Amino acid sequence: MKNIVVLVSGGGTNLQALLDAQDRGEITNGRITCVISSNPKAYALTRADNHGVPHEVIRRRDFTEFEAYDSALTDLVRSKNADLVVLAGFMTILGSQFIKSFENRIINIHPALIPSFCGEGYYGLRVHEEALKRGVKVTGATAHFVNEVCDGGPIILQKAVEIKNGDTPETLQKRVMEQAEWKILPKAVDLFCNDKIKIIGSTTEITE
Ligand code: GAR
């Protein structure tokens, strides 16, 4: 059974999707054992409470030096014996110590079809604003491993979502979450927990 630690910063709907999938028995061979938030007011913490999942808060602003923050987050997640770290709307930049310590064991959900609308500055609603501005007709979500390149790690799963006339960043965000993020993130976690993701260079192969 793999220990899953979920990192959050906000509403936590992706955390909820993971908890619900776990309750439905759709995440086998893994269990969410801890939620860590960068924001003490994140609603995600209430969701963790409602599920009886222990949680912690670690704020970037409590550390002057970025390296000290990177070490503290690494130590905290190590102390939870994490086999898998899931970034479910985690809005703080990760340091190289953290990324190296959990190499090939960090999964992120990004609200676009990477390599579109990703990288520095592309997070949350901003991603959907840019997709609408560019006028793409299809967007979606990507579950991927995290490496030192922002949104650049091996892609695990993607799902496309149509853009509709009259979409606003908010309506698009909701559709991308419902139709893509909440489906592919639990699926990617289940695949990982069952050793069904093989990393081949910058790509992955899923063995079902
Ligand atoms: C989600 O749309 C997630 O994909 C996005 O933030 C939102 C968090 O919502 N993450 C990023 O943009 C990361 N680059 P949630 O707190 O309700 O899961």
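Residues numbered from 1 in each chain as written. Predicted model: local features only at pLDDT ≥ 70, side-chain atom pairs only at ≥ 80, totals over all residues. Heavy atoms only, no water.

## Some remarks on the environment of Ile27
As for its placement among the helices and strands, Ile27 is situated in the loop between α1 (13–23) and β2 (30–37). With 167 residues separating them along the chain, Ile27 and Asn194 place their C-alpha atoms 9.0 Å apart. Setting aside residues up to four positions removed in sequence, Ile27 forms contacts with Ile4, Leu18, Ala21, Gln22, Pro186, Val189 and Asp190. (Helix = DSSP H or I, 4+ residues; strand = E, 2+ residues; numbered from the N terminus. Contact = heavy atoms within 4.5 Å.)

## A look at unusual backbone geometry
Peptide bonds are mostly trans, and most non-glycine residues show a negative phi. For the bond from Ile114 to Pro115, the omega torsion is 15°, close enough to zero to count as cis. Among the structural elements, Pro115 can be located in the loop between β5 (106–110) and α5 (125–134). The backbone phi angle of Phe117 is positive, close to 50°, even though this residue is not glycine. With respect to the helices, strands and loops of the structure, Phe117 is situated in the loop between β5 and α5. Residue Asp151 is not a glycine yet carries a positive backbone phi of 60°. Its location among the elements puts Asp151 in the loop between β6 (138–145) and β7 (155–162).

## Focus: the packing of aromatic side chains
Counted by the stated rule, this structure contains 4 aromatic pairs. Looking at Arg126, its charged tip hangs above the ring of Tyr122, at a distance of 5.2 Å from the centre. (Phe/Tyr/Trp six-rings, centres within 6.5 Å; stacked < 30°, edge-to-face > 60°. Lys NZ or Arg CZ within 6 Å of the ring centre and 35° of its normal.)

## Observations regarding the site of the ligand
Around the ligand sit 15 residues in total, of which Gly12, Thr13, Asn14, Gly124 and Glu181 are the nearest. Gly12 is positioned such that a nitrogen or oxygen atom in its backbone is 2.8 Å from an oxygen atom of the ligand. In the model, an oxygen atom of the ligand is placed 2.9 Å from a nitrogen or oxygen of the Asn14 side chain. Look at the ligand: alone it shows 460 Å² of surface, and the protein chains cover 92% of it. Listing elements by their share of the shell around the ligand, those giving two or more residues are α1, β5 and α6 (169–193). Of the residues that constitute the shell around the ligand, the class distribution is 6 nonpolar, 8 polar and 1 charged. (Near = heavy atom within 4 Å. Polar contact = N/O pair within 3.5 Å; in protein donor to acceptor, adjacent residues only side chain to side chain. Areas by Shrake-Rupley, 256 points an atom, 1.4 Å probe, with all protein chains shown as cover. Nonpolar A, V, L, I, M, F, W, Y, C, P; charged D, E, K, R; others polar.)

## Looking at the pattern of salt bridges
A complete count under the given rule lists 10 salt bridges for this structure. In this structure, the salt-bridge partner of Glu148 is Lys100, at a minimum N-O distance of 3.9 Å. Remark: Lys100 occurs in helix α4 (residues 96–101) and Glu148 occurs in the loop between β6 and β7; sequence separation between them is 48 residues. Residues Lys174 and Glu178 are paired through a salt bridge, measuring 3.0 Å at the closest nitrogen-oxygen approach. In this pair, Lys174 and Glu178 are both assigned in helix α6, 4 residues apart and thus about one turn of the helix distant. The exposure class of Glu178 is partly exposed, given its relative accessible area of 34%. Three or more residues joined by partner-sharing salt bridges are found here, namely Arg126, Glu130 and Lys133. (Salt bridge = Lys/Arg side-chain N within 4 Å of Asp/Glu carboxyl O. Buried < 20%, exposed > 50% of the residue type's maximum accessible area, 1.4 Å probe, protein only.)

## Observations regarding the nonpolar core
Counting 38 residues, the largest nonpolar core has Ile4, Val6, Val35 and Val189 as the members making the most contacts within it. In contact with Val189, other than residues within four places in its own chain, are Ile4, Leu18, Ile27, Leu84 and Val86. (Core = buried A, V, L, I, M, F, W, Y, C linked by side-chain atoms within 4.5 Å.)

## Concerning the pairing of β2
On any regular strand, side chains alternate: one points to one face of the sheet, the next to the other face. Counting buried positions along β2 yields 6 of 8 residues, so the element is predominantly enclosed. Regarding topology, α1 serves as the crossover connection from strand β1 (residues 2–8) to the parallel β2, and that connection is right-handed. Alignment of β2 against strand β3 (residues 55–57), held across 3 bridges, turns out to be parallel. Pairing of Val35 across the sheet is with His55, part of β3. As a crossover connection, the stretch from β2 through helix α2 (residues 43–50) into β3 is right-handed. (Right-handed = clockwise from strand over helix to strand, strands pointing away. Pairing = 2+ DSSP bridges.)

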